[in-house]
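Understanding the architecture of this molecule
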Amino acid sequence: MKIISSHERQGISKSYFYFLLDRLRYLKIMKDNSIAFKMIIPFRVNGNIKFSNGLAYISSNNTLYYINLEFNEYSCTSCPVKNQCVVGMKKVAKENDIKISKENPREAWYSVINQIHDQIKYKIINAVLEE
């Protein structure tokens, strides 16, 4: 995330930085040292595809929002970035026509991410049916 968000080495060796940058280019996440995606949805494959609870998203005003709900160090009451988190969640939801129905930011993020997963599944199923 440090490389995507700032393109600076920030405390890692030069060789490791360029290794990671090359890997991001290979995955088509970066192109010509610029971000080349709108949204990244992490997933695992173990005989089937299972989406992870997180995403990286570039908003219409080119702001990078990143949420990883697999990481559980902070509760919303003690989170130092709660306000920015809520702003990001609302932006992602609005740009994807998703209604927020939860009060707790963490639960709301789960809901937003799950609805995005559903949208992706719907698009995949429609693409397969059209073939």
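Sequence order sets the numbering: in each chain, residues are counted from 1 along the sequence as written. Given that the model is predicted, a residue must reach a pLDDT of at least 70 before its local features are reported, and side-chain atom pairs must reach 80 or more before they are shown or counted; all residues, however, enter totals for whole chains, interfaces and linings. Where side-chain values are given, they derive from all heavy atoms of the structure, hydrogens and water being excluded.

**Concerning the overall build of the protein**
Check the secondary structure of the protein and you find four helices and seven strands. A run of DSSP states H or I qualifies as a helix once it reaches four residues; a run of E qualifies as a strand once it reaches two. Both are numbered from the N-terminal end. For the protein, the α and β elements follow one another from N to C terminus as α-α-β-β-β-β-β-β-β-α-α. The principal-axis extents of the C-alpha atoms in the protein amount to approximately 50 × 45 × 30 Å. Classification of the 131 residues of the protein by burial places 28% in the buried group. When checking whether two residues touch, look at their non-hydrogen atoms; a contact exists if any pair is within 4.5 Å. In the protein, the share of contacts with a sequence separation of at least 24, taken over all contacts with a separation of at least 6, comes to 36%. Exposure categories follow from relative accessible area, calculated using a 1.4 Å probe and restricted to protein chains: below 20% of the type maximum is buried, above 50% is exposed, and the middle band is partly exposed.

**Describing the packing of aromatic side chains**
The pairing test for Phe, Tyr and Trp rings, Trp by its six-membered ring, is centres within 6.5 Å, and the orientation test on the planes gives stacked under 30 degrees, edge-to-face over 60, and tilted for anything in between. According to the stated counting rule, one finds two aromatic pairs in the structure shown. With a centroid separation of 6.2 Å and 20 degrees between ring planes, the pair formed by Tyr 16 and Phe 19 is classed as stacked. Here Tyr 16 and its partner Phe 19 are both found in helix 2 (residues 14–26), three residues apart, which amounts to about one turn of the helix. Between Phe 17 and Tyr 18, the ring centres sit 5.0 Å apart and the planes meet at 85 degrees, which makes this aromatic pair edge-to-face. Residue Phe 17 is classed as buried on the basis of its relative accessible area, which comes to 3%.

**Here's the deal with the layout of surface pockets**
Space inside the largest pocket adds up to approximately 510 Å³. Both site types are read off a 1 Å grid over the protein atoms alone. A 1.4 Å probe that fits but cannot get out defines a cavity, while an open set with protein on both sides within 12 Å along at least five of seven lines defines a pocket; lining residues have an atom within 4 Å of a point. If you go around the largest pocket, you meet 20 residues; those closest to its centre are Tyr 66, Ile 67, Cys 79, Val 81 and Cys 85. Elements with a contribution of two residues or more to the lining of the largest pocket: strand 7 (64–68), helix 3 (82–95) and helix 4 (105–130). Under the scheme applied here, ten amino acids are nonpolar (Ala, Val, Leu, Ile, Met, Phe, Trp, Tyr, Cys and Pro), four are charged (Asp, Glu, Lys and Arg), and all others, including Gly, are polar. Tallied by class, residues from the lining of the largest pocket come to 12 nonpolar, five polar and three charged. Grid points are joined across faces, edges and corners, and a volume is the space filled by probe spheres set on the points. What the second largest pocket holds in volume is close to 350 Å³. Around the second largest pocket, the lining residues are Met 1, Ile 4, Leu 24, Ile 29, Ile 40, Pro 42, Gly 54, Leu 55, Ala 56, Tyr 66, Ile 67 and Asn 68.

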